Amino acid sequence: MLGALVLVVALSGCSEHTQHEWSNFAMPDPVTEQGQHIFVLWRWAWVAALATGFVVWGLIFYAIWRFRRRSDDDVPVQTRYNLPLEIFYTIAPIVMVVVFFVHTERTQNLIREPVPDPDLVVYVVGQQWTWTFNYLPEGPVSTPHDKVLYSVGEAGAPPTLVLPVDKTVTFKLHSPDVIHDFGVPGFLEKMDVIPGPKEDDNEFSVTPTVEGTYRGKCYELCGVYHSRMLFDVRIVSEADYQAYLQTLVAQGNVADQPLLGGITSQTQSGLAHPRGTPEGGSE
């Protein structure tokens, strides 16, 4: 009761945004169907942790008060062991870990379940020190002329990933140099972008549900300019998505195959990077 009162008083002085973060246990609002599963797991994990904490704290303070020394001449009863209590303290944590494992495994299976026929496929390339987004002509939401369309970032000018709302998107993740990590806080998930053959590329799927603009970044320390590996995500209507694809066509960002790491990874303004041209040719 006292803890709840302290929490209410503390939150009353916070901004609406801060209060919302507290209600989410510091987790961003999910903007995908898969992110909602992760958010539920996160919230109930916190509830379980707080409940356990209150029980432990309650027992600690009870022991402090109940068995306190009442006079200088008092000698407390010396207890060598308490078998039932020790069994409980052994079994209870094991049960908790098993419960957490079961729910985590269930959530992981939900969000990692393969999608055989996604609405669209985006080939994401993380390269030192930017991103390339290839929109593939696969699935019901196709590209103009059934060509690969792409957008590439530059140093100081992060690229934008545009996705249609309520459509399932599969991201294929590729790197021509070192390990990166593709993540969007609003998705509530991220995944390593590992160099190697295309057949070994990681992939995952999301279904955006909330239109808006969000920020993404690389979550793996990938070198000296790691902090520049930012990108924006715009979730838009299908009509706006098709209009964006037409913009890429008008800009000449059209290719027959996905660009798997182009010359811009070496020629970005202000960066001295003496690497050879990576796999996939120039852009």
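Predicted model, so just to flag it, every value in this text is computed and none were measured. (Residues numbered from 1 in each chain as written. Predicted model: local features only at pLDDT ≥ 70, side-chain atom pairs only at ≥ 80, totals over all residues. Heavy atoms only, no water.)

Examining the overall build of the protein
We apply this condition: Numbering of helices and strands runs from the N terminus; a helix is a DSSP stretch of H or I covering at least four residues, while a strand is a stretch of E covering at least two. Throughout this description, buried means an accessible area under 20% of the type-specific maximum (1.4 Å probe, protein chains only), exposed means over 50%, and partly exposed covers the range between. Note on contacts: a residue pair qualifies if any of its non-hydrogen atoms lie within 4.5 Å across the two residues.
Secondary structure assignment for the protein yields six helices and 11 strands. The proportion of buried residues among the 283 residues of the protein is 35%. At a minimum sequence separation of 6, the contacts of the protein that also span at least 24 residues come to 66%.

Considering the packing of aromatic side chains
Quick note on the threshold: Between 30 and 60 degrees the pair is tilted, below 30 it is stacked and above 60 it is edge-to-face, where a pair is any two Phe, Tyr or Trp rings, Trp via its six-membered ring, whose centres lie within 6.5 Å.
Going through the model one piece at a time under the given rule, you end up with 14 aromatic pairs. Plain terms: the ring middles of Trp42 and Trp46 are 6.2 Å apart, the flat faces sit at 70° to each other, and that makes the pair edge-to-face. Separated by four residues within a single helix, Trp42 and Trp46 lie in helix H3 (residues 33–66), roughly one turn from each other. According to the relative accessible area criterion, Trp46 is partly exposed, its value standing at 36%. Residues Phe182 and Phe231 carry aromatic rings whose centres are separated by 5.2 Å and whose planes lie at 5° to one another, so their mutual orientation is stacked. Separated by 49 residues along the polypeptide, Phe182 in strand E6 (residues 180–184) and Phe231 in strand E10 (residues 230–236) bring together distant segments of the chain. For the residue pair Phe182 and Phe231, the accessibility class agrees, reading buried in each case. Through a chain of ring-to-ring contacts, the aromatic side chains of Trp131, Phe133, Phe171, Phe182, Phe187, Phe204 and Phe231 assemble into a single cluster.

Details of the side chain of Ser205
Inclusion rule: Whenever two N or O atoms come within 3.5 Å, that pair is a polar contact, provided that in protein one can donate a hydrogen and the other can accept it, and provided that, for residues adjacent in sequence, both atoms are side-chain atoms.
Inspection of the secondary structure assignment puts Ser205 in strand E8 (residues 202–206). At a separation of 2.7 Å, a polar atom in the side chain of Ser205 contacts the side chain of Thr170. Residues within four places of Ser205 in sequence aside, it is in contact with Gln34, Ile111, Val115, Thr168, Val169, Thr170 and Glu189.

Structural notes on the pattern of salt bridges
Formally: Each salt bridge in this description consists of a side-chain nitrogen of Lys or Arg and a carboxyl oxygen of Asp or Glu lying within 4 Å of one another.
Applying the stated criterion across every chain yields a total of six salt bridges. For Arg112, the salt bridge is made with Glu189, and the minimal N-O distance between the two is 2.6 Å. Of the two residues, Arg112 is situated in the loop between helix H4 (83–111) and strand E1 (120–127) and Glu189 in strand E7 (residues 189–193); the sequence distance between them amounts to 77 residues. Overall, Glu189 belongs to the buried group, its relative accessible area being 8%. For Arg215, the salt bridge goes to Asp232, with nearest N and O atoms at 3.1 Å.

Points about the sheet that holds strand E3 (residues 148–152)
Going by this rule: In short, DSSP must find at least two bridges between two strands for them to pair.
Read from one edge of the open sheet, six strands run E8-E5-E1-E2-E3-E11, paired in mixed fashion. The open sheet has two edge strands, E8 and strand E11 (254–255), and neither has a second partner. Here strand E2 (residues 130–135) pairs with E3 via four bridges, running antiparallel. Within E3, the residue paired with Asn134 across the bridge is Tyr150.

Things to note about a negative patch on the surface
Heads up, the condition is: Patch definition: residues with relative accessible area over 30% and no salt bridge; like charges joined within 9 Å; nonpolar side chains (Val, Leu, Ile, Met, Phe, Trp, Tyr) joined within 5 Å. Every accessible area reported is derived by Shrake-Rupley at a probe size of 1.4 Å, with residue values counting cover from the shown protein chains alone. Charge assignment: positive for Lys and Arg, negative for Asp and Glu; neither His nor the chain ends contribute. Working definition for charges: the position is that of NZ of Lys, CZ of Arg, CG of Asp or CD of Glu.
Taken together, the side chains of Glu33, Asp166, Glu211 and Asp240 present a region of like negative charge at the surface. Along the chain, Asp240 turns up in helix H5 (residues 238–250). Given the relative accessible area of 43%, Asp240 is considered partly exposed.

Keep in mind these values describe shape, not function.
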